[in-house]
Amino acid sequence: MGYSRESYLKAKAILDRKRLESEKALEQRRAILFGRSPEARELERKIARTSINAARAVYNGKDVKTELENLRKQNLATQKRLDDIIAGFKFPANYLERWYECEKCQDTGYANDRMCICMKNLIRDFEYERINNSSSLSLRDFDTFLLEYYEEDYRETMDKILDYCKKYANDFSVSSPSILMMGDSGLGKTHLSLAIAKSAVDKGYGVIYVSAPIVCRKMENERFNQSIDDTERSLAECDLLIFDDLGTEFMTSFVMSTLYTIINKRLITSKPTIISTNFNGDEIRQYYDQRIASRILGSYKRMYFKGSDIRLKQALESYSNSNKEV
Ligand SMILES: [Zn+2]
């Protein structure tokens, strides 16, 4: 499935605009040159007429070979004169050519029938932006996940979790297992799921990151204007779905059945999902109906985050560091 259509269209729009801008810029350069040298305009016209003259020579049935050779020589001489004029004004040699930002694909986004790296990078950046907009934190890296913030008793557990997540991100594919991250707030569940998300996006996978209360509210609203299928479908079909803060959504029978449909569809099609929740296993069983609880607890790789609030420690530390600098 890969990147979202939305990001693809945004990237395409940027490239379309770049091509239009390079065309406009060329027109401006031509206007400047021809304003200074009417001869240059004449020479350009002459060159443009060459192909018409060549066609005419063929049509008139003259000695085509000689005619074409003459035209070629004339053309070279005209081009040389035009180049000299351009050089005379100290303009670059490619002054009358289109200047592309990406020469490889000439800002079309495709080269040799394949998507160009410039377009891939644009789409990836839009995917980053999309995830950052729907998350309370921005996309993270693993190397900013610091084990020293955890008490010694929990460090070994957290080290194992970090290792697992790094390997998971490294080997990520559309058939990777699903993960259930459990533990109190502020222990790094969101950090690690965002680090996995970043790595999956870098590999070209389509990642959807949603906060459970926000997306459930959205689906409830959409239910009344009958566009619910779109959200439900994209959550069920994306390459990696990250469901943050499960258990904080406002539960209705509609939300319950939609959550079940999404979780179940993804399990049937073996698509990976990462769920993070403050609940433990018992609480999941109590809060959700048995069909959801059994699927999450039975099929996901379970992780128990341990420690006391790391965000608080990080905040205190950055506060004391900023005080030191002053
Ligand atoms: Zn390109």
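Per chain, residues are indexed from 1 in the order of the written sequence. With pLDDT at 70 or above as the cut-off, local features in this predicted model cover only qualifying residues; side-chain atom pairs require 80 or more to be listed or tallied, and sums for whole chains, interfaces and linings still use all residues. Neither water nor hydrogens contribute to the side-chain values; these are computed over all heavy atoms in the structure.

> Let's hear about the overall build of the chain: which residues, and what values?
Helix and strand labels come from DSSP, where a helix needs a run of H or I of at least four residues and a strand needs a run of E of at least two; each type is numbered from the N terminus. Broken down by element type, the chain carries 12 helices and 7 strands. Atoms counted for the radius of gyration: C-alpha only. Globule rule: 2.2 Å times the number of residues to the power 0.38. Taking 2.2 N^0.38 as the reference for a compact globule, 326 residues should give roughly 20 Å; the C-alpha atoms of the chain span a radius of gyration of 30 Å, well beyond that estimate. A principal-axis box enclosing the C-alpha atoms of the chain has dimensions of 90 × 55 × 35 Å. Classification of residues uses two cut-offs on accessible area relative to the type maximum, computed with a 1.4 Å probe and protein chains only: under 20% is buried, over 50% is exposed, and between them is partly exposed. Within the chain, the fraction of its 326 residues that count as buried is 40%. We call two residues in contact when some of their heavy atoms are within 4.5 Å. Contacts in the chain between residues far apart in sequence, at least 24 positions, make up 79% of those at least 6 positions apart.

> Break down the domain arrangement of the chain for me, citing the residues and quoting the values.
Under the domain assignment used here, the chain contains domain 1 (16–99) and domain 2 (134–313). Throughout, the edges of the domains are those of an automatic or database domain assignment. The gap between the C-alpha centroids of domain 1 and domain 2 is 60 Å.

> I'd like a rundown of helix α2 (residues 38–59), residues and numbers included.
In this analysis, the expected span of each helix is defined as 1.5 Å times one less than the number of residues it contains. Relative to the 32 Å expected for 22 residues at 1.5 Å per residue, α2 spans 32 Å between its end C-alpha atoms, a close match to the ideal helical length. Note that the bend at a residue is defined as the angle between axes fitted to the seven residues ending at it and the seven residues starting at it. Along α2, the sharpest kink reaches roughly 35°, centred on Thr50. In the segment just after α2, Gly61 is the residue with positive phi, at about 70°.

> Tell me about the coordination of the zinc ion, and please be specific about residues and values.
Each pair of donors in an ideal octahedron of six around a metal sits at 90 or 180 degrees, and each pair in an ideal tetrahedron of four sits at 109.5 degrees. For the zinc ion, the protein coordination sphere consists of Cys102 (SG), Cys105 (SG), Cys116 (SG) and Cys118 (SG), at 2.2 to 2.3 Å. Coordination geometry of the zinc ion: the 4 donor atoms subtend angles of 101 to 115° at the metal centre, consistent with an arrangement described as tetrahedral. Positions of the donor residues of the zinc ion along the chain correspond to the pattern C-x2-C-x10-C-x1-C. Taken as a pair, Cys102 in the loop between α3 (64–88) and β1 (110–111) and Cys118 in helix α4 (residues 117–133) lie far apart in primary sequence, 16 residues in all. One exposure class covers both Cys102 and Cys118, and it is buried. Each metal's donors are the N, O and S atoms within 2.8 Å of it, or within 3.2 Å when it is Na, K or Ca, and because water is not part of the set, sites may look incomplete. A site with four donors is called tetrahedral when every donor-metal-donor angle falls between 85 and 135 degrees; four donors are called square planar, and six octahedral, when opposite donors sit more than 155 degrees apart and all other angles fall between 65 and 115; any other arrangement is irregular.

> Please provide a residue-by-residue account of the side chain of Ser193, values included.
Note on placement: Ser193 falls in helix α6 (residues 189–202). The exposure class of Ser193 is buried, given its relative accessible area of 0%. Each polar contact in these results corresponds to two N or O atoms within 3.5 Å; when the atoms are within protein, one needs to be able to donate a hydrogen and the other to accept it, and residues that are neighboring in sequence are counted only if both atoms are side-chain atoms. Within the structure, Ser193 has its side chain in polar contact with the backbone oxygen of Thr190 (distance 3.1 Å). The residues touching Ser193, leaving out its near neighbours within four places in the chain, are Met181, Tyr209, Ile242 and Ile274.

> Talk me through the nonpolar core; I want residue IDs and the actual numbers.
The nonpolar core is taken to be a set of buried Ala, Val, Leu, Ile, Met, Phe, Trp, Tyr and Cys residues, with the residues joined through side-chain atoms within 4.5 Å. Residues Met181, Leu192, Ile196 and Leu240 are the most contacted members of the largest nonpolar core, which totals 31 residues. For this core, the secondary structure elements donating two or more residues are α4, α5 (152–170), β3 (179–182), α6, β4 (207–211) and β5 (240–246). In terms of residue count, the dominant contributor to this core is α6 (7 residues). Excluding anything up to four places from it in sequence, Met181 contacts Cys165, Lys189, Leu192, Ser193, Ile196, Ile274, Ile275, Ser276, Thr277, Met303 and Phe305. Counting residues in hydrophobic clusters, the runner-up holds 29 residues, among them Ile208, Met219, Ala293 and Leu297.

> Could you give an account of the pattern of salt bridges, naming the residues involved and the relevant values?
Whenever Lys or Arg places a side-chain nitrogen within 4 Å of a carboxyl oxygen from Asp or Glu, that contact is recorded as a salt bridge. Applying the stated rule across the entire model yields 20 salt bridges. Asp84 serves as the salt-bridge partner of Lys80, at 3.0 Å between the closest nitrogen and oxygen. Of the two residues, Lys80 and Asp84 are both situated in helix α3; the distance of 4 residues between them amounts to about one turn of the helix. Notably, a salt bridge pairs Lys265 with Glu232, separated by 3.8 Å at the nearest N-O pair. Here the residue Lys265 occupies a position in helix α9 (residues 253–268), and Glu232 occupies one in helix α8 (residues 228–237), the gap between them amounting to 33 residues. Exposure remark for Glu232: the relative accessible area of 16% places this residue in the buried category.

> Provide a residue-level description of the sheet that holds strand β7 (residues 301–304), including the pertinent values.
Working definition: the strands of a sheet are paired by backbone hydrogen bonds and lie parallel or antiparallel to each other. One open sheet holds the 5 strands; their spatial order is β4-β5-β6-β3-β7, and the pairing between them is parallel. Two strands in the sheet have a free side with no partner beyond their single neighbour: β4 and β7. Ignoring strand direction, the axes of neighbouring strands in this sheet form an average angle of 15°. Pairs of strands are assigned from DSSP output, requiring at least two bridges between the strands. Pairing analysis gives 4 bridges linking β3 to strand β6 (residues 273–277), with the strands arranged parallel. Across the sheet, the residue bridging to Met181 is Ser276, located in β6. The strands touched by α5 are β3, β5, β6 and β7; relative to β7, the strand with the most contacts, the crossing angle is about 140°. Each of β4 and β5 touches helix α7 (residues 212–224); the most contacted strand, β5, lies at about 105° to it. In this analysis an axis means a line fitted to C-alpha atoms, helices contributing only their contacting stretch, and an angle means the value between N-to-C directions, from 0 to 180 degrees.

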